[in-house]
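Residues per chain, in single letters:
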Amino acid sequence: MDIETDYLIGQVKNMPDYQCLEKNNMVFHTASEADKVYIVSVTGMGTVKAAMATTYALEAFHPTLVVNQGTAGAQLRTLSTGDVVLAKESVNINALSMPKKKLGEGSNPFSWEGFHTEYYKADDALLKLYSDGEYTSGRMVKGSVATGDIFSREDDRIVWLEEKFGTACEDMETAAVYEVCEAFRTPCVGLRIISNNELLDEEFNEETAELLQRYVWKITHDVL
């Protein structure tokens with residue numbers, strides 16, 4: 001979403017050599033400062049768009065590392081709006097198989113199983129780097145991220161996903177980005193800020209998106 005990239009785009013726009021590049025409906029904002037080049041990718045929502053944008057960026061720009069960041073919905077009651085999950089790994093929760101049922105026998109999503117489920121991992125050094133910073137808008141925890149092209153709002157389903165996959169929050173991009181970066185052997189780390197928790201009846205808070213971007217930029221620009 002635009003709110004997940006607006007702050008970062010604003011930072012690179014103020015740098016020398018700023019360019020906005022568009023390729024097949026994908027948008028990349030690039031700029032340089034000192035010995036660093038920054039590329040902000042506006043991937044769009046969903047696993048396919050995230051994979052497309054990441055693949056193109058890796059082929060076109062050959063970045064040293066990738067930081068995937070954005071909002072997520074909590075799957076644990078212990079997480080609240082403003083908390084950040086450092087994605088030590090991510091799994092595609094779209095990959096599900098179901099037992100055979102005949103016409104008229106209905107559907108039971110709670111009987112479905114993970115199908116070729118694979119957990120893609122963050123780079124350990126980057127995970128430590130982004131966990132060592134001072135984040136003051138909530139808690140920061142390491143956890144697994146569930147990725148799927150769904151927007152879960154059923155409490156029972158959210159609990160089932162957490163129990164089935166061992167995940168802390170849910171988004172639509174992280175696993176796709178991790179898988180592509182693994183294929184390209186490019187170090188990657190993901191951070192997700194909790195924008196809401198359905199289990200606690202929290203409404204989506206769009207202000208969380210900028211809070212995370214500010215933290216990511218501080219580490220990427222000032223520490224890295």
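Up top you'll find the structure we're talking about.
Notes on the structure follow. Predicted model, so just to flag it, every value in this text is computed and none were measured.

What counts and what doesn't
- Residues numbered from 1 in each chain as written.
- Predicted model: local features only at pLDDT ≥ 70, side-chain atom pairs only at ≥ 80, totals over all residues.
- Heavy atoms only, no water.
- Salt bridge = Lys/Arg side-chain N within 4 Å of Asp/Glu carboxyl O.
- Helix = DSSP H or I, 4+ residues; strand = E, 2+ residues; numbered from the N terminus.
- Buried < 20%, exposed > 50% of the residue type's maximum accessible area, 1.4 Å probe, protein only.
- Pairing = 2+ DSSP bridges.

**Comments concerning the pattern of salt bridges**
Point 1. All chains considered together, the criterion is met by nine salt bridges.
Point 2. Linking arginine 192 and glutamate 4 is a salt bridge whose minimum nitrogen-to-oxygen distance equals 4.0 Å. Taken together, the residues span a long stretch of sequence, with arginine 192 in strand 11 (residues 188-196) and glutamate 4 in the segment before helix 1 (6-13) at a distance of 188 residues.
Point 3. Take glutamate 4: its relative accessible area is 9%, and that puts it in the buried class.
Point 4. In this structure, arginine 192 engages aspartate 171 in a salt bridge whose closest nitrogen and oxygen atoms are separated by 2.9 Å. Within this pair, whereas arginine 192 is found in strand 11, its partner aspartate 171 is found in strand 10 (residues 169-171), the two being separated by 21 residues in sequence.
Point 5. Among the ionic contacts, a cluster of salt bridges with common partners joins Glu4, Asp171, Glu173 and Arg192.

**Concerning the pairing of strand 1 (residues 19-23)**
Point 1. Pairing between strand 1 and strand 2 (residues 26-33): five bridges, direction antiparallel. Along strand 2, the bridge assignment pairs lysine 23 with methionine 26.
Point 2. Between the antiparallel neighbours strand 1 and strand 2 lie two residues, among them asparagine 24 with a positive phi of about 50°.

**Describing the pairing of strand 11**
Point 1. Of all nine residues making up strand 11, nine are buried, and the element is well covered by its neighbours.
Point 2. Alignment of strand 4 (residues 66-74) against strand 11, held across eight bridges, turns out to be parallel. Looking across to strand 11, one finds that valine 66 is bridged to cysteine 188.
Point 3. Direction of pairing for strand 5 (residues 84-92) relative to strand 11: antiparallel, over a ladder of four bridges. Counterpart to valine 85 in the pairing with strand 11 is arginine 192.

**Description of unusual backbone geometry**
Point 1. Its identity is not glycine, yet asparagine 24 carries a phi of approximately 50°, on the positive side.
Point 2. Within the secondary structure, asparagine 24 sits in the loop between strand 1 and strand 2.
Point 3. Non-glycine residue alanine 34 carries a positive phi angle of around 55°.
Point 4. Mapped onto the elements of the fold, alanine 34 is located in the loop between strand 2 and strand 3 (36-42).
Point 5. Classification of alanine 34 as exposed rests on a relative accessible area of 82%.

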